[in-house]
Amino acid sequence: MAAETAKVDPMHQFTIEPLLGANMDVAGFNIAFTNSALWMLITAVVLWIFMLGGMKRELVPGRWQMTVETFTGFIDDMLEANVGKEGRKYVPYIFSLFMFILFANLLGLLPLGIVGLHPFTFTSHFTVTGVLAIISFSIVLIVGFWKHGFHFFSLFVPHGTPLPMIPIIFPIELISFLVRPFSLGLRLFVAMMAGHVLLEVLSSFVIDGWNAGAGFGLLVGVPSFLLMIGICALELLVAAIQAYVFALLSSLYINDAENLH
Amino acid sequence: MPQIAQLAETYASQIFWLLVIFGFVYFVVGRGMVPKVMDTVGLRDKQIADDLSAAQSARDAADEAEEAWRKRENANREAAQALVSEAKGKAQASTEGKLAEVQARIDTQLAEAEARIEESRAAAAAEIESVAAEAAQDITARLGNVIVTETEARSAVQKAMAHG
């Protein structure tokens, strides 16, 4: 991108471009269908197609069905381990969250630039990760107050806190609780953005190195290219780990709401 | 950084489409498909558990049947053994009875025979005595012209015979 200016802007990949209805306004809010929305849609459709493989409902599963069942079993086990028996009712939400983020991260890493398409990683936008984090946090709040009422505030007083310490501990715990949605959303956004910027910068080293001559190409371009291969593998790992961390932390927070400590 | 530079113009679109599409994912995939997939897994687990428990109960039944068979077998064997030993005892008893009877018969026969022998011997001894007495009477009469009465001769013979 921006090749004609011979200058690679590593941040350009995050630019949101309206594709349809650039002037589609609802109540003063612009809700244009952008490349970001397109990739959300692609992610959802790919996830839906993936899940179709799990709908064969055969007694002896094939590979695809087995894969889908492994993912649902993974989330089910995670919730059972972290929340307990009541955790099962959150499987649909945590599964949707995990798979949506995982597929978004992986699809954003597809090397579609080779065929002239630009994959867009919407998880590298804090507007998106923030909304997901707020949804998780809202579930925690709603479940917490629904189940425990004002007793939910005892979450901020750890078990066995001496009485004189409560005025100090309570605000600390409250702040650490309130910071959760920010840390949850920012972690994913930063990890995805950093990875993509790194790949873009390294690729600009490869291109600019070779453009500057064979000497620079061998000295800078080749090592950068080798490093890129390694970073790509690392990014695939990060894509999975960040989705897992998001789902895991959401389930841990839900555990706080379900079972006050 | 487009995330911040474009924030004002794009946040509404981002949030709107995320809610729409994540909502679709949650309701169609999460609520629609995931429970069915998990049902399938649960059904399979249940079937496996059922099969396993059926196998276990079948094995238990087999063990029970074997145990019962073994008990019956042991009882039968014991009964047979009892029958055999009873028959043996009966046979022994009857043998003993018969033997005792035969023995008794033999004993009486023996006793009779001995009595007969004794009788014969006594008769023979009496015969010998009288013959010896006659002979002694005769001998004394011939040799010493001594007339010995039959009674004297007989007592002398008896004395000699008692001395052997």
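Residues numbered from 1 in each chain as written. Chains lettered and ligands numbered in written order. Predicted model: local features only at pLDDT ≥ 70, side-chain atom pairs only at ≥ 80, totals over all residues. Heavy atoms only, no water.

Enquirer: How should the overall build of chain B be read in this particular structure?
Expert: Broken down by element type, chain B carries three helices and zero strands. Counting from the amino terminus, helix and strand elements in chain B follow one another as α-α-α. Taken over C-alpha atoms, the radius of gyration comes to 62 Å for chain B, far larger than the 15 Å a tight globule of 164 residues would show. Seen through its C-alpha atoms, chain B measures out along the principal axes to roughly 190 × 30 × 15 Å. (Helix = DSSP H or I, 4+ residues; strand = E, 2+ residues; numbered from the N terminus. Rg over C-alpha atoms; globule rule 2.2 N^0.38 Å.)

Enquirer: Would you mind showing me how to read empty space enclosed by the protein here?
Expert: If you roll a probe as big as a water molecule over the atoms, it shows you where there is empty space left. Applying the stated criterion to the full structure yields one cavity of 30 Å³ or more. In this structure, the largest cavity is lined by A:Ile16, A:His125, A:Phe126, A:Thr127, B:Pro2, B:Gln3, B:Gln6, B:Leu7 and B:Thr10. For the lining of the largest cavity, the secondary-structure elements that each account for two or more residues are α4 (126–148) of chain A together with α1 (2–5) and α2 (7–144) of chain B. (1 Å grid on protein atoms, 1.4 Å probe; cavity = no way out; pocket = protein on both sides within 12 Å on 5 of 7 lines; lining within 4 Å. Points joined across faces, edges and corners; volume = space filled by probe spheres on them.)

Enquirer: Looking at this model, I keep getting lost on the interface of chain B and chain A. Mind explaining?
Expert: When the parts of a complex come together, some accessible area is lost, and that lost area is often taken as the interface size. Taken together, the 36 residues of chain B in the interface contact 49 residues of chain A. With both chains or domains summed, chain B and chain A bury close to 3,800 Å², and 76% of this area falls on carbon and sulfur atoms. The largest per-residue losses of area from chain B upon contact with chain A belong to B:Gln3, B:Gln14 and B:Phe22, which jointly make up 17% of the total buried on that side. Counting the contacts that link chain B with chain A gives one salt bridge. Residue B:Arg44 is joined to A:Glu69 by a salt bridge in which the shortest nitrogen-to-oxygen separation is 2.9 Å. Here chain B and chain A share eight residue pairs in polar contact (both at pLDDT 80 or more) between them. The element contributing the most residues to the side of chain B that touches chain A is α2(B), with 31 residues. Among the residues forming the side of chain B that touches chain A, the class breakdown is 23 nonpolar, eight polar and five charged. (Contact = heavy atoms within 4.5 Å. Buried area = accessible area lost by both parts, 1.4 Å probe. Salt bridge = Lys/Arg side-chain N within 4 Å of Asp/Glu carboxyl O. Polar contact = N/O pair within 3.5 Å; in protein donor to acceptor, adjacent residues only side chain to side chain. Nonpolar A, V, L, I, M, F, W, Y, C, P; charged D, E, K, R; others polar.)

Enquirer: Can you help me understand the layout of surface pockets in this one?
Expert: Residue and element names in this part refer to chain A. Quantified by volume, the second largest pocket comes out at close to 180 Å³. The set of elements that each furnish at least two residues to the lining of the second largest pocket consists of α4 and α5 (166–211). The element contributing the most residues to the lining of the second largest pocket is α4, with six residues.

Enquirer: Would you explain the pattern of salt bridges in this entry?
Expert: Residues and elements named next belong to chain B. For the structure shown, the criterion picks out twelve salt bridges over all chains. Between Asp 50 and Lys 46 there is a salt bridge, with its nearest N and O atoms 3.3 Å apart. Taken together, the residues Asp 50 and Lys 46, both in helix α2 and four residues apart, mark about one turn of the helix. Overall, Asp 50 belongs to the partly exposed group, its relative accessible area being 37%. Since its relative accessible area comes to 53%, Lys 46 is described here as exposed. Across the salt bridge formed by Asp 138 and Arg 142, the nearest N and O atoms sit 3.8 Å from each other. Linking Asp 138 with Arg 142, this pair stays in helix α2, spanning four residues, or about one helical turn. (Buried < 20%, exposed > 50% of the residue type's maximum accessible area, 1.4 Å probe, protein only.)

Enquirer: What should I look at first to understand α2(B) in this one?
Expert: At B:Met33, α2(B) is bent by approximately 30 degrees, the largest bend along its length, and proline B:Pro35 sits one to four residues beyond. Note on α2(B): the residue one or two positions beyond its end, B:Asn145, has a positive phi of about 45 degrees. (Bend = angle between axes of the 7 residues up to and from the residue.)

Enquirer: What is the right way to read the confidence of the model for chain A from this model?
Expert: Predicted coordinates in regions of low pLDDT should not be interpreted in detail. Residues and elements named next belong to chain A. Within chain A, residue pLDDT values average 86, and 97% of them lie at 70 or more. Mean pLDDT values over the elements of chain A span from 74, in strand β2 (residues 25–26), up to 93, in helix α3 (residues 91–108). In this model, residues 1–6 is a region of pLDDT below 50 whose contacts with residues beyond four sequence positions or in other chains number seven contacts. (pLDDT = per-residue confidence, 0-100.)

Enquirer: Can you help me understand α3(A) in this one?
Expert: Given 3.6 residues per turn, any residue in an α-helix points the same way as the ones three and four places further on. With 18 residues, α3(A) extends 25 Å from end C-alpha to end C-alpha; this agrees with the ideal 26 Å at 1.5 Å per step. The element α3(A) is largely enclosed, with a buried count of 17 among its 18 residues. (Expected span 1.5 Å × (residues − 1).)

Enquirer: Explain the packing of helix α1 (residues 35–52) of chain A against α2(B) here, please?
Expert: The N-to-C vectors of α1(A) and α2(B) enclose an angle of 5 degrees; their axes lie 9 Å apart at closest approach. When the axes of α1(A) and α2(B) are compared, the pair comes out roughly parallel. Residues A:Ser36, A:Ala37, A:Met40, A:Leu41, A:Ala44, A:Leu47, A:Trp48, A:Met51 and A:Leu52 of α1(A) lie in contact with α2(B), whose contacting residues are B:Gln14, B:Trp17, B:Leu18, B:Ile21, B:Phe24, B:Val25, B:Val28, B:Val29, B:Met33, B:Val34 and B:Val37. Partitioning the contact of α1(A) with α2(B) into residue classes produces 18 nonpolar, two polar and no charged. (Axes fitted to C-alpha atoms, helices over the stretch in contact; angles between N-to-C directions. Parallel < 35°, antiparallel > 145°, perpendicular 65-115°, else oblique.)

Enquirer: How do you make sense of the side chain of A:Thr43 when you look at a structure like this?
Expert: Residue and element names in this part refer to chain A. Tracing the sequence through the fold places Thr 43 in helix α1. Look at Thr 43 and you get buried, because its relative accessible area is 1%. Discounting residues that sit within four places of it in the chain, Thr 43 has contacts with Phe 100, Phe 103, Ala 104, Leu 107 and Phe 122.

Enquirer: Honestly, the packing of aromatic side chains in this entry has me stumped. Any pointers?
Expert: All names here are of chain B. Under the criterion given, the structure shown has 22 aromatic pairs over all chains. For the pair Tyr 26 and Phe 27, a centre-to-centre distance of 5.0 Å together with 70 degrees between the ring planes defines the contact as edge-to-face. We classify Phe 27 as exposed; its relative accessible area is 54%. (Phe/Tyr/Trp six-rings, centres within 6.5 Å; stacked < 30°, edge-to-face > 60°.)

Enquirer: What is the right way to read a nonpolar patch on the surface from this model?
Expert: Residues A:Leu41, A:Val45, A:Trp48, A:Ile49, A:Leu52, A:Trp64 and B:Phe24 make up a contiguous nonpolar surface patch of about 590 Å² in total accessible area. In terms of residue count, the dominant contributor to the nonpolar patch is α1(A) (five residues). (Patch = residues over 30% accessible without salt bridge, like charges linked within 9 Å, V, L, I, M, F, W, Y side chains within 5 Å. Areas by Shrake-Rupley, 256 points an atom, 1.4 Å probe, with all protein chains shown as cover.)

Enquirer: How do you make sense of the environment of A:Gly87 when you look at a structure like this?
Expert: Residue and element names in this part refer to chain A. Counting through the fold element by element, Gly 87 comes out in the loop between α2 (63–82) and α3. Residue classification places Gly 87 among the buried positions, given a relative accessible area of 0%. Considering only alpha carbons, one finds Gly 87 and Asp 76, eleven residues apart in sequence, at a separation of 8.1 Å.

Enquirer: Sorry, what's going on with the nonpolar core here?
Expert: Within soluble globular proteins, side chains that are nonpolar generally end up buried alongside one another. Within the largest apolar cluster, 63 residues are counted, with the highest numbers of intra-cluster contacts made by A:Met51 and A:Ile94. Of all the secondary-structure elements, those providing two or more residues to this core are α1, α2, α3, α4, α5 and α6 (214–258) of chain A together with α2 of chain B. Looking at which element gives the most residues to this core, the answer is α3(A), with 13 residues. With near-sequence residues (within four places) excluded, A:Met51 lies in contact with A:Val68, A:Phe95, B:Val29, B:Met33, B:Val34 and B:Val37. Core analysis: the second largest hydrophobic core is formed by seven residues, A:Leu199, A:Leu202, A:Val206 and A:Ala239 among them. (Core = buried A, V, L, I, M, F, W, Y, C linked by side-chain atoms within 4.5 Å.)

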